[in-house]
Amino acid sequence: MKTKHHVEKLGECEFVPLNLFASFSHPFVSPTIQVQGFEIPPLGEVSLSALKTLAFSENSNLQQSASLFYLHISQYLNIQLPTEHLEIYYALLKTSDLDVQRISSLSLVTFLLKGNVPKEHVIQLDLLEPILELLESNDPMVQCNSCACIMILAVSDTNREAIASAGGVVPLLTLSKSYDPRVQQYAVGAIFNLTQSEWVQQFLCRQGAIPVLTLLLESSDSEVQYYSCAALSNMATNSQRHEVMLQTGDRFLLRILLSLLSSSVDKVSNQACVCLRNLVTSESVQTSLISMGILPHLLPLLDSNNAEIQQNSIVLLRMLSQHPANQDALVCHEVLQSVGKLLITRKTDPVIIGHAACFVKNLSYSKSIKRVVESPCVEGLLQALRGAEYLDEGALHCVTSCLGELVKHGEVYFGRYLKCHLMNVS
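Each value, and the rule that gives it
Residues numbered from 1 in each chain as written. Predicted model: local features only at pLDDT ≥ 70, side-chain atom pairs only at ≥ 80, totals over all residues. Heavy atoms only, no water. Helix = DSSP H or I, 4+ residues; strand = E, 2+ residues; numbered from the N terminus. Buried < 20%, exposed > 50% of the residue type's maximum accessible area, 1.4 Å probe, protein only. Contact = heavy atoms within 4.5 Å. Areas by Shrake-Rupley, 256 points an atom, 1.4 Å probe, with all protein chains shown as cover. Phe/Tyr/Trp six-rings, centres within 6.5 Å; stacked < 30°, edge-to-face > 60°. Lys NZ or Arg CZ within 6 Å of the ring centre and 35° of its normal. Expected span 1.5 Å × (residues − 1). Axes fitted to C-alpha atoms, helices over the stretch in contact; angles between N-to-C directions. Parallel < 35°, antiparallel > 145°, perpendicular 65-115°, else oblique. Left-handed = near helix turned anticlockwise from the far one by under 90°. Nonpolar A, V, L, I, M, F, W, Y, C, P; charged D, E, K, R; others polar. Salt bridge = Lys/Arg side-chain N within 4 Å of Asp/Glu carboxyl O. Polar contact = N/O pair within 3.5 Å; in protein donor to acceptor, adjacent residues only side chain to side chain. Core = buried A, V, L, I, M, F, W, Y, C linked by side-chain atoms within 4.5 Å.

**Describing the overall build of the protein**
- Looking only at helices and strands, one finds 26 helices and 2 strands in the protein.
- Counting all 426 residues of the protein, 56% fall into the buried class.
- Put simply, 70% of the contacts in the protein that link residues at least 6 apart link residues at least 24 apart.
- About 18,800 Å² of surface is accessible on the protein, with carbon and sulfur atoms providing 50% of the total.

Spelled out as structure tokens, the structure:
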């Protein structure tokens, strides 16, 4: 096949691991490289010498031959690529030939995904420099591949700091606004991985990442929504950043996150819940969310089939109940019915039971405690107590403490009923 045909086929492929090259693959036993008419087994000393000659040549056709060879073996190689071959990649990635840039960056992504190339070796052999340079390319395919490389590399703290220190943050933020959906996805995905380092979070903040990520929440692409929301969730773990995160517009971030709670994509709604949970540590945010109408968005998540979503939503609801000003709004039929159902259906989940019990306990101080004690929450707590063997020490303490508070503050309504149940349990 001619180089042009290869490149055209590559442009038609989505970036999907392991089947990237389905459009031009063929039956294959052992890859070889042809030099002056002789077939040479790959990864040997002779082929290494031949590949160096091709890669470091000033002839773009010869460079394309070397890059196509690596692309070809990247889909079949089941061992680690010898370090010496990564030195060849430096020349291929630094080339001015666009086709070589496309092909070599794509094969490197595949090697990284399959574990043929240790991520640390890429940094140690100074390949980060040419990869970051490719972020500045005007070609969407090169941009996509280089963003994917950075996304994969940024899974370890040392690599994250190396990427930020080498100037990778600004071009990634620029590409996160790309009109090419694949480029945008991998750019934001790389930023998300970078935010798993506290030091890089500070660097991102200084480079204006927060407003960029906030605006990306409005993307129509669920992948972009997820990665930008997850990145903001990581940054919100530091309460000192909350003021900066919330100052854009009229609490614009909170309003967008509320809408994302109702996303049809589970991982997006879950991540929006996590981000709000991280932001709700301040009293002003707790009261603002109730006044902004969070409950119609949050309650359906308690009834989700996804246990993680249920866990995060009950945690958020419990945190909202900590503020006395919110408690009367939370003591409503819809909320109590939802939490009661959750307690009954998830009575063996210690995380859900513990936080749900703490939520009910917070409401025991409300003036409307009669509604609480007449709700399904009480039966749910008692069922959880009966199945105490499924609960850890913390969850069990929350349940008994909550029941104790309900007896203390609501005995006038149901003291005899509750005491009778407690005696049967004991």
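We are not done yet, so read on.
**Here's the deal with the packing of aromatic side chains**
- Summed over the entire model, instances satisfying the criterion amount to 7 aromatic pairs.
- Aromatic side chains Phe-192 and Tyr-227 sit 5.9 Å apart centroid to centroid with 35 degrees between the ring planes, which places their arrangement in the tilted category. Here the residue Phe-192 occupies a position in helix α11 (residues 181-194), and Tyr-227 occupies one in helix α14 (residues 222-235), the gap between them amounting to 35 residues. As far as burial versus exposure is concerned, Phe-192 and Tyr-227 are alike and both buried.
- Among the aromatic residues, ring-to-ring pairing joins Phe-69, Tyr-70, Tyr-89 and Phe-111 into one connected group.
- A cation over an aromatic ring shows up here: Lys-267 above the ring of Tyr-226, its NZ or CZ 4.9 Å from the ring centre.

**A closer look at unusual backbone geometry**
- Phi is positive for Asp-126, which is not a glycine, with a value near 60 degrees.
- Position of Asp-126 relative to the elements: it lies in the loop between α6 (119-124) and α7 (128-134).

**Here we look at helix α4 (residues 83-94)**
- Helix length check: α4, at 12 residues, gives a terminal C-alpha distance of 18 Å against a target of 16 Å (1.5 Å per residue), a fit within 8%.
- Here α4 has its buried residues at His-85, Leu-86, Ile-88, Tyr-89, Ala-91, Leu-92 and Leu-93.

**Observations concerning the side chain of His-242**
- Here His-242 is to be found in helix α15 (residues 242-246).
- Residue classification places His-242 among the buried residues on the basis of a relative accessible area of 7%.

**Side note on the packing of helix α20 (residues 307-320) against helix α23 (residues 350-363)**
- Contact geometry for α20 and α23: axes closest at 9 Å, N-to-C directions at 25 degrees. As judged from the angle between their axes, α20 and α23 are roughly parallel. The handedness of the crossing between α20 and α23 comes out as left-handed. Across from Ala-307, Gln-310, Gln-311, Ile-314, Val-315, Leu-317 and Arg-318 in α20, the residues of α23 making contact are Val-351, Ile-352, His-355, Ala-356, Cys-358, Phe-359 and Asn-362.
- Within the contact of α20 with α23, the residues separate by chemical class into 9 nonpolar, 4 polar and 1 charged.

**Thoughts on the pattern of salt bridges**
- Enumeration according to the criterion identifies 10 salt bridges in this entry.
- Between Glu-129 and Lys-94 there is a salt bridge whose closest N-O contact spans 3.2 Å. Here the residue Glu-129 occupies a position in helix α7, and Lys-94 occupies one in helix α4, the gap between them amounting to 35 residues.
- A salt bridge links Arg-182 to Asp-180; the shortest N-O distance between them is 4.0 Å.
- Because the salt bridges share partners, they merge into one network encompassing Lys-94, Glu-129 and Glu-133.

**Here's the deal with the side chain of Ser-228**
- Tracing the backbone shows Ser-228 in helix α14.
- Of note is the side chain of Ser-228, whose polar atom sits 2.7 Å from the backbone oxygen of Val-224.
- At 3.1 Å, the side chain of Ser-228 forms a polar contact with the backbone oxygen of Gln-225.
- In this structure Ser-228 touches Val-188, Leu-213, Leu-216 and Leu-217, once residues within four positions along its chain are discounted.

**A look at the environment of His-297**
- Counting through the fold element by element, His-297 comes out in helix α19 (residues 295-302).
- A relative accessible area of 25% means that His-297 is categorised as partly exposed.
- Distance in space between the C-alpha atoms of His-297 and Ser-259 is 7.4 Å, their sequence separation being 38 residues.
- Aside from chain neighbours lying at most four places away, what touches His-297 is Leu-258, Leu-261 and Ser-262.

**Quick look at the nonpolar core**
- In this structure, Tyr-70, Ile-294, Leu-317 and Val-339 are the most contacted members of the largest nonpolar core, which totals 135 residues.
- Excluding anything up to four places from it in sequence, Val-339 contacts Leu-302, Ile-314, Leu-317, Ala-356, Phe-359, Val-360 and Cys-377.
- Within the second largest apolar cluster, 5 residues are counted, among which are Leu-68, Leu-71, Leu-106 and Met-141.

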